[in-house]
Amino acid sequence: MIDIENDILIREIDEECNLKSFKCKKDIVNKFFYKKSIFNNKNLLSKVYIIENIRNKDIIGYFTLSTYRLNLEHGKKYGIQKLPAILLGRMGIDNNYRGLRLTETHIIPYTVGVCDDVKQNVGCRLLIAEIERGDQLKDYLLEIGMNEERITKSHHILSVDLLT
Amino acid sequence: MFDKLSFTDNIGNRGNIRSHFQQTNSSSLERDTSSLTSSFLEPPENLGLANIINNSVFRIFSNINREKIKVLLPEVEFSVTNFGQKGIDLVILSETGKWMLLEIKSLKKTYLEQESLFEDYELTFNKKETKRLIKRLKEGPSDEMKRFIEDSIKFYKQMKKKEELYKQGKL
């Protein structure tokens, strides 16, 4: 396993990033990153964070965060019909850095940290994560206490209650 | 075409397109309104997801929202109108109709294959899911999850400090 812990930095994407240094196994995740990530970030459609190797400027991975809302049918009797949340949407790890469990050790904790920042100032009760079916990450997230809200034909939708 | 179809100012407004046009005083708009409304009533070609009204106006079905279109087709000008008619969410305007058609077909394919990647910004829970979630919300997160959140906050703060040092050139 490559020891890169000290070289890893997570930060918001910017126009100086070497986008083409990143390539993961999913074309659609690559395509978004190359063509839309800076646009989305700049226009606040979603915030795009990169995991960067500060030694060689490689982009190790990226993930996106955006606002989200759960509409709760029949929630009126519970007094909650809409629930504000944050969505951890797209995620990708570069092919050269796969197997390092960076999603578990870096992306998820960083995202929860961002959520803590947000919830201090804006109503936000849940973190929602979409995990592709078949991805072992789902098992890890359930182990640490995330809840599975729904299984779609392509994804598991998991949540974290941010109330502490 | 964009000037004439200036209802683009009303992106996101709910209401009937005919009533919307009737409220507009512009004579050029009124002139276009009749042809548009009749076209909307009788779309010439059904493509499944998108109906071509003419070379520059598309009617989009299903619940694709304008954020998705913006992300996928950022260079295309378009307007969004909720007509109050079931299944009609968007009108896209483009002067390059054929190109748009291709893009929309592509969009449909991509959307169907990778729906979750488009970040819908919302999700509706059914009665059972709602009941389950509300129960958990009342209980709050488990002790294990609280510890994970605390550890995550520490990690995040450390990373932010590292970012500051990096920006200052100290790494």
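Preceding this paragraph is the structure being described.
For the structure given in this document, a descriptive report is provided here.

### Regarding unusual backbone geometry
Then, in step 1: Located in the positive-phi region is Leu44(A), a residue other than glycine, with phi close to 60°.
Then, in step 2: As for its position among the elements, Leu44(A) is in the loop between helix H2 (37-42) and strand S2 (47-53).

### Quick notes on helix H6 (residues 143-167) of chain B
Then, in step 1: Under the 1.5 Å per step criterion, the end-to-end length of H6(B) is 36 Å for 25 residues, consistent within 8% with the ideal 36 Å.
Then, in step 2: Along H6(B), the residues that are buried comprise Met145(B), Phe148(B), Ile149(B), Ser152(B), Ile153(B), Phe155(B), Tyr156(B), Met159(B), Lys162(B), Glu163(B) and Tyr166(B).
Then, in step 3: Where H6(B) is buried, its residues contact strand S1 (8-12), S2, helix H3 (102-119), helix H4 (137-143) and strand S7 (155-161) of chain A.
Then, in step 4: Looking one or two residues beyond H6(B), the residue adopting positive phi is Gly169(B), at roughly 75°.

### Looking at the pairing of strand S5 (residues 126-132) of chain A
All names here are of chain A.
Then, in step 1: With six of seven residues buried, S5 lies mostly within the body of the structure.
Then, in step 2: Pairing analysis gives four bridges linking strand S4 (residues 82-93) to S5, with the strands arranged parallel. Across the sheet, the residue bridging to leucine 87 is isoleucine 128, located in S5.
Then, in step 3: After leaving S4, the chain enters H3 and then returns to the sheet as S5, a path that is right-handed.

### Points about the environment of Tyr68(A)
Then, in step 1: Topologically, Tyr68(A) is positioned in strand S3 (residues 59-72).
Then, in step 2: Here the alpha-carbon distance between Tyr68(A) and Ile128(A), two residues 60 residues apart in the chain, equals 8.0 Å.
Then, in step 3: For Tyr68(A), the residues in contact, after removing those within four places along its chain, are Leu83(A), Pro84(A), Ala85(A), Ile86(A), Leu87(A), Ile128(A), Tyr121(B), Glu122(B) and Leu123(B).

### Describing the interface of chain A and chain B
A common way to express how large an interface is: the accessible area buried when the components associate.
Then, in step 1: In this assembly, 66 residues from chain A lie in contact with 45 residues from chain B.
Then, in step 2: Our enumeration of links across chain A and chain B arrives at three salt bridges.
Then, in step 3: Taking the shortest distance from any N to any O, the salt bridge between Glu122(B) and Arg69(A) comes out at 3.0 Å.
Then, in step 4: Put simply, chain A and chain B have 18 residue pairs in polar contact (both at pLDDT 80 or more) between them.
Then, in step 5: If you tally residues by element for the side of chain A that touches chain B, the top one is H3(A), at 10 residues.
Then, in step 6: Across the side of chain A that touches chain B, the residue classes tally to 27 nonpolar, 19 polar and 20 charged.
Then, in step 7: Pairing between S3(A) and strand S5 (residues 122-125) of chain B: four bridges, direction parallel. Bridging across to S5(B), Asn71(A) finds its partner in Thr124(B).

### Details of the packing of aromatic side chains
All names here are of chain A.
Then, in step 1: All told, the structure shown has nine aromatic pairs over all chains when counted by the stated rule.
Then, in step 2: Ring geometry for phenylalanine 22 against tyrosine 62: centres 5.5 Å apart, planes inclined by 75°, an arrangement best described as edge-to-face. Remark: tyrosine 62 occurs in strand S3 and phenylalanine 22 occurs in the loop between S1 and helix H1 (27-35); sequence separation between them is 40 residues. Of the two residues examined, phenylalanine 22 and tyrosine 62, each falls in the buried class.
Then, in step 3: An aromatic cluster of at least three residues, connected via ring pairs, comprises Phe22, Phe32, Phe33, Tyr34 and Tyr62.
Then, in step 4: The residue whose ring lies beneath lysine 20 is tyrosine 34, and the NZ or CZ to ring-centre distance is 3.9 Å.
Then, in step 5: Across from the ring centre of tyrosine 140, 6.0 Å away, lies the NZ or CZ of arginine 101, which sits over that ring.

Conventions and cut-offs
- Residues numbered from 1 in each chain as written.
- Chains lettered and ligands numbered in written order.
- Predicted model: local features only at pLDDT ≥ 70, side-chain atom pairs only at ≥ 80, totals over all residues.
- Heavy atoms only, no water.
- Helix = DSSP H or I, 4+ residues; strand = E, 2+ residues; numbered from the N terminus.
- Expected span 1.5 Å × (residues − 1).
- Buried < 20%, exposed > 50% of the residue type's maximum accessible area, 1.4 Å probe, protein only.
- Contact = heavy atoms within 4.5 Å.
- Pairing = 2+ DSSP bridges.
- Right-handed = clockwise from strand over helix to strand, strands pointing away.
- Salt bridge = Lys/Arg side-chain N within 4 Å of Asp/Glu carboxyl O.
- Polar contact = N/O pair within 3.5 Å; in protein donor to acceptor, adjacent residues only side chain to side chain.
- Nonpolar A, V, L, I, M, F, W, Y, C, P; charged D, E, K, R; others polar.
- Phe/Tyr/Trp six-rings, centres within 6.5 Å; stacked < 30°, edge-to-face > 60°.
- Lys NZ or Arg CZ within 6 Å of the ring centre and 35° of its normal.

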